[in-house]
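These are the residues of each chain, in order.
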Amino acid sequence: MENFGETKYFLQAHFYPMIEWEQLEDAVIDFRKVSRKDRFKFKEEILYFKQLLAQKQYDKIQDIINVYELEYTQVCDVDEIQRLVNEILPIIEKYEYKEDISYVPMKALYYIFDTIFIPTKTFLSFDFIAIDIQREGDTFIQHFKQDLQYVEKTFSENDETKKKELLKIANDKGVYILESEYRDSFIQEMFEGLS
């Protein structure tokens, strides 16, 4: 592997020296805003470090630290690279998509109704909602997007029975976004914010 650009970016933009090790998971969640391709590349880089550590190729790790100027980050030596690998891989894997978790229709949307939305009929800050949803990981995000597709289809087809069912459940939770003028922009911004 010749390029460690994602590791350098993560360490400079998300896990910079003012961030404590206890906040590593928050840094990973923040980093998840980058593309799926960049997240995959980042994981490959971390796995390569793990391989080098297992092979005790400490000089090669030190060369990477020097070439990518990681000595100016809080992961500035081989011991810190070891700590990063040990602590970050379980966090990365926690948020990855898991195919063995089956989709249960509307479960993710109802969970969001219970945990994230503020009961109001006024405009919501959709960006903050998307950030909260990011904390749930790729599997949840995929299921949530499927639920949103169902909601979108229900309202576009004007299926009164399904609409009433959705609105009743939402209203019982104190959520009124589905019957507000912001419903379509909410759905669109959720898709964009979670892509």
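All values reported here derive from a predicted model rather than from experimental measurement.

Description of the packing of helix α2 (residues 24-31) against helix α5 (residues 78-95)
A pair of packed helices is characterised by two quantities: the angle between their axes and the separation of those axes. Packing of α2 against α5 brings their axes to within 10 Å, and their N-to-C directions diverge by 50°. One finds that α2 runs oblique with respect to α5. As α2 packs across α5, the resulting crossing turns out to be right-handed. For the pair α2 and α5, the contacting residues are Leu24, Glu25, Val28 and Ile29 in the first and Leu84, Glu87, Ile88, Ile91, Lys94 and Tyr95 in the second. Taken together, the residues that form the contact of α2 with α5 break down as seven nonpolar, no polar and three charged.

Focus: the packing of aromatic side chains
Scanning all chains against the criterion turns up twelve aromatic pairs. An angle of 45° between the planes, with centres 5.8 Å apart, marks the rings of Phe4 and Tyr48 as tilted. Here Tyr48 lies in helix α3 (residues 36-54) and Phe4 lies in the segment before α1 (5-14), a separation of 44 residues in the sequence. Judged by relative accessible area, which is 2%, Phe4 ranks as buried. Aromatic side chains Phe4 and Phe49 sit 5.0 Å apart centroid to centroid with 40° between the ring planes, which places their arrangement in the tilted category. Of this pair, Phe4 sits in the segment before α1 while Phe49 sits in helix α3; the two residues are 45 residues apart in sequence, bridging distant segments of the chain. The residues Phe4 and Phe49 share a single accessibility class, namely buried. Feature note: the residues Tyr9, Phe10, Phe15, Trp21, Phe31 and Phe42 constitute an aromatic cluster, connected by ring pairs.

Remarks on the pattern of salt bridges
Per the stated rule, a full pass over the model turns up 14 salt bridges. Note that Lys41 is salt-bridged to Glu45, the shortest N-O span being 2.6 Å. Within this pair, Lys41 and its partner Glu45 are both found in helix α3, separated by four residues, close to a single helical turn. With a closest N to O distance of 3.0 Å, Lys43 and Glu96 form a salt bridge. One end of the pair, Lys43, is in helix α3; the other, Glu96, is in the loop between α5 and α6 (107-115), with 53 residues separating them in the sequence. What makes Lys43 buried here is its relative accessible area of 16%.

Criteria and cut-off values
- Residues numbered from 1 in each chain as written.
- Predicted model: local features only at pLDDT ≥ 70, side-chain atom pairs only at ≥ 80, totals over all residues.
- Heavy atoms only, no water.
- Axes fitted to C-alpha atoms, helices over the stretch in contact; angles between N-to-C directions.
- Helix = DSSP H or I, 4+ residues; strand = E, 2+ residues; numbered from the N terminus.
- Parallel < 35°, antiparallel > 145°, perpendicular 65-115°, else oblique.
- Left-handed = near helix turned anticlockwise from the far one by under 90°.
- Contact = heavy atoms within 4.5 Å.
- Nonpolar A, V, L, I, M, F, W, Y, C, P; charged D, E, K, R; others polar.
- Phe/Tyr/Trp six-rings, centres within 6.5 Å; stacked < 30°, edge-to-face > 60°.
- Buried < 20%, exposed > 50% of the residue type's maximum accessible area, 1.4 Å probe, protein only.
- Salt bridge = Lys/Arg side-chain N within 4 Å of Asp/Glu carboxyl O.

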